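Spelled out, the chains give:
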Amino acid sequence: MIRRLIALTATIAALATPTFAQQKANQLFGAARSASPHQPAAFGSYSRGCASGLVQLPETGPTWQAMRLSRNRNWGHPDAIRFIQRLSEFAALQPGWNGLYIGDISQPRGGPMLSGHASHQLGLDIDIWMRPANNLQLSRQQRENISSINVRSADQRSVNGNYSEVHRVILQSAAMDPAVDRIFVTPPVKIALCQSATSRDKNWLQKIRPLYGHNYHFHVRLKCPKDSPACQTQTPSVRELSNGGSGCDETLMWWVTDYLNPPKQTQPSKPAPKKKGARDFVMADLPQQCSAVLAAR
Ligand SMILES: [Zn+2]
């Protein structure tokens, strides 16, 4: 009788526990405390994937500090770590800056997160603070408490006094880096960049993409690394290819006009069906390799 009861309890427990494939990916990846022991590689897409062999960005380097260390999101593909070294060395040459404050990269094994970002899943997305990194001696506690600075005006239509020539120079340098695929900034920053660029050299502006948010940081997305055949390259949209590729056109101005004040609809539009977001993914939604990335000790 007791044996039968135990068997029954076990059956109920098995039914109550979802199979591995049906478990929430953000809970599993959010719990990983260290990188997988494999070679570095990214699997899947920036918003639906994971990464093996990620490297932890040193908390303090000669020209950077990683911020919000408690989040444990300072893990990146070696390409991302090298990029941060390059760009922060360049930033340190600028007046008033000694390097860069680095926000979130990825979790130790990438993957969807419990909070925040939909992307940042491959160790190839890097948030960089707009706040000039003039002090590289910040304690762990200070790095939890201090905030970045907002470079957007209150009406969201232009940059404010916090935006400087140094931001422009750093963003241009980042965009011209061959490892960079695109950089997300608040639309007023892109407008300011378009206004100050000379017509002779505008190609790098193609990589600067306007997006909501991104007024306290800019977001650098690197290309799929050579070691990652299963990493899915993002295709540019038609909008991004307009006007010779610079994107300095009416699609950019949309962000500071209709986007902020949507024209009244004459007919009620049907609500779009809700898309499955990064926090809804179960393991079965991710590339197959991600199960092995997660399981390896
Ligand atoms: Zn970001």
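Cut-offs used in this document
- Residues numbered from 1 in each chain as written.
- Predicted model: local features only at pLDDT ≥ 70, side-chain atom pairs only at ≥ 80, totals over all residues.
- Heavy atoms only, no water.
- Donors = N, O, S within 2.8 Å, 3.2 Å for Na, K, Ca; no water.
- Helix = DSSP H or I, 4+ residues; strand = E, 2+ residues; numbered from the N terminus.
- Core = buried A, V, L, I, M, F, W, Y, C linked by side-chain atoms within 4.5 Å.
- Buried < 20%, exposed > 50% of the residue type's maximum accessible area, 1.4 Å probe, protein only.
- Contact = heavy atoms within 4.5 Å.
- Polar contact = N/O pair within 3.5 Å; in protein donor to acceptor, adjacent residues only side chain to side chain.
- Pairing = 2+ DSSP bridges.
- Phe/Tyr/Trp six-rings, centres within 6.5 Å; stacked < 30°, edge-to-face > 60°.
- Lys NZ or Arg CZ within 6 Å of the ring centre and 35° of its normal.
- Salt bridge = Lys/Arg side-chain N within 4 Å of Asp/Glu carboxyl O.
- Disulfide = S-S within 2.5 Å.

In the nomenclature of an unreviewed UniProt entry, the protein corresponds to Penicillin-insensitive murein endopeptidase from the organism Qingshengfaniella alkalisoli.

Asker: Looking at this structure, how should I read the coordination of the zinc ion?
Answerer: Angles between donor atoms at a metal ideally measure 109.5 degrees for a four-coordinate tetrahedral arrangement and either 90 or 180 degrees for a six-coordinate octahedral one. Looking at the zinc ion, one finds its protein donor set to be H120 (NE2), D127 (OD) and H219 (ND1), positioned 2.0 to 2.3 Å from the metal centre. We note that the donor set of the zinc ion lies within a single chain, spaced as H-x6-D-x91-H. Of the two residues, H120 sits in the loop between β7 (100-102) and β8 (125-129) while H219 sits in strand β11 (residues 217-222), which places them 99 residues apart along the sequence.

Asker: Teacher, can you tell me more about the nonpolar core here?
Answerer: As a rule of thumb, nonpolar side chains are buried together in soluble globular proteins. If you look at the biggest cluster of nonpolar residues, it comprises 49 residues, and the most contacted ones within it are F83, I126 and I183. Elements with a contribution of two residues or more to this core: β5 (64-66), α3 (78-92), β7, β8, α5 (165-175), β9 (180-185), α6 (187-196) and β11. Broken down by element, the residue count for this core peaks at six residues, all from α3. The contact partners of F83, leaving out residues within four places of it in the chain, are I126, I128, A174, D177, V180, V220 and L222. By size, the runner-up hydrophobic cluster in this structure holds 12 residues, among which are A41, F281, C290 and V293.

Asker: Teacher, can you tell me more about the side chain of H120 here?
Answerer: Accessibility expressed as a relative area gives 1% for H120, which makes it buried. Within the structure, H120 has its side chain in polar contact with the side chain of H117 (distance 3.4 Å). Here the side chain of H120 touches D127 through a polar contact of 3.3 Å, side chain to side chain. The contact partners of H120, leaving out residues within four places of it in the chain, are Y46, D104, I105, S106, G111, M113, D125, I126, D127 and H219.

Asker: Whenever I open this one, the pairing of strand β2 (residues 48-52) confuses me. Can you help?
Answerer: A regular strand places its side chains on the two faces of the sheet in alternate fashion. Burial analysis of β2 places four of its five residues in the buried class, the great majority of the element. Pairing geometry for strand β1 (residues 41-45) and β2, over five bridges, is antiparallel. When the sheet's bridge partners are listed, A42 is paired in β2 with A51. As consecutive antiparallel partners, β1 and β2 are separated by two residues.

Asker: What should I look at first to understand the packing of aromatic side chains in this one?
Answerer: The geometry of two aromatic rings is summed up by the distance between their centres and the angle between their planes. Within the structure shown, the criterion is met by five aromatic pairs. Ring centres of Y212 and W255 lie 6.4 Å apart, and the angle between their planes is 45 degrees; this geometry places the pair in the tilted category. One end of the pair, Y212, is in the loop between β10 (208-210) and β11; the other, W255, is in the loop between α8 (250-253) and α9 (289-295), with 43 residues separating them in the sequence. Ring geometry for W254 against Y259: centres 5.4 Å apart, planes inclined by 50 degrees, an arrangement best described as tilted. Ring-pair connections join several aromatic residues into one group, and the members of that group are Y212, W254, W255 and Y259. The lysine or arginine in question, R221, covers the ring of Y46, its NZ or CZ lying 4.4 Å from the ring centre.

Asker: For this particular structure, what's the right way to read α6?
Answerer: Since there are 3.6 residues in each turn of an α-helix, residues three or four apart along the chain are aligned in direction. Burial within α6 is extensive, with eight of its 10 residues counted as buried. By the burial criterion, the buried members of α6 are P187, P188, V189, K190, I191, A192, L193 and C194. If you follow the buried residues of α6, they end up packed against α5, β9, β10 and α8.

Asker: Even after reading the chapter, I still don't get unusual backbone geometry, so can you show me in this structure?
Answerer: Residues apart from glycine generally show negative phi values, whereas peptide bonds are mostly found in trans. Here the phi dihedral of H120 falls at roughly 60 degrees; this positive angle occurs in a residue that is not glycine. At H214, a residue that is not glycine, the phi angle is positive and equals roughly 60 degrees. Summarising the element assignment, H214 is placed in the loop between β10 and β11.

Asker: Mind showing me how you'd approach the pattern of salt bridges here?
Answerer: Any two side chains of opposite charge can pair, so long as their charged atoms come close to each other. Under the definition given, this model contains nine salt bridges. In this structure, D79 and R82 form a salt bridge, with 2.8 Å as the shortest nitrogen-oxygen distance. Within this pair, D79 and its partner R82 are both found in helix α3, separated by three residues, close to a single helical turn. Of the residues examined, D79 reaches a relative accessible area of 21% and is grouped as partly exposed. Put simply, R71, R73 and D104 are held in one network by salt bridges that share partners.

Asker: Honestly, the side chain of Q107 in this entry has me stumped. Any pointers?
Answerer: Note that Q107 resides in the loop between β7 and β8. A residue is classified by how much of its surface remains accessible, and Q107, at 5% relative accessible area, is buried. In this structure the side chain of Q107 is engaged in a polar contact, spanning 3.0 Å, whose partner is the backbone oxygen of P112. Contact partners of Q107, with chain neighbours within four places excluded, come to F29, G30, L54, N72, R73, W75, P112, M113 and L114.

Asker: Explain the state of the cysteines to me, please; I cannot follow it from the model alone.
Answerer: Linking two cysteines covalently via their sulfur atoms produces the bond known as a disulfide. Scanning the model with the defined rule gives three disulfides in all. For C50, the disulfide goes to C290, at an S-S distance of 2.1 Å. In this structure the cystine formed by C50 and C290 twists about its S-S bond by roughly -100 degrees; its chirality is therefore left-handed. Highlighted residues: C50 in strand β2 and C290 in helix α9, separated in sequence by 240 residues. For the protein, the bonded cysteines connect in the pattern 1-6, 2-5, 3-4 when numbered consecutively along the sequence.

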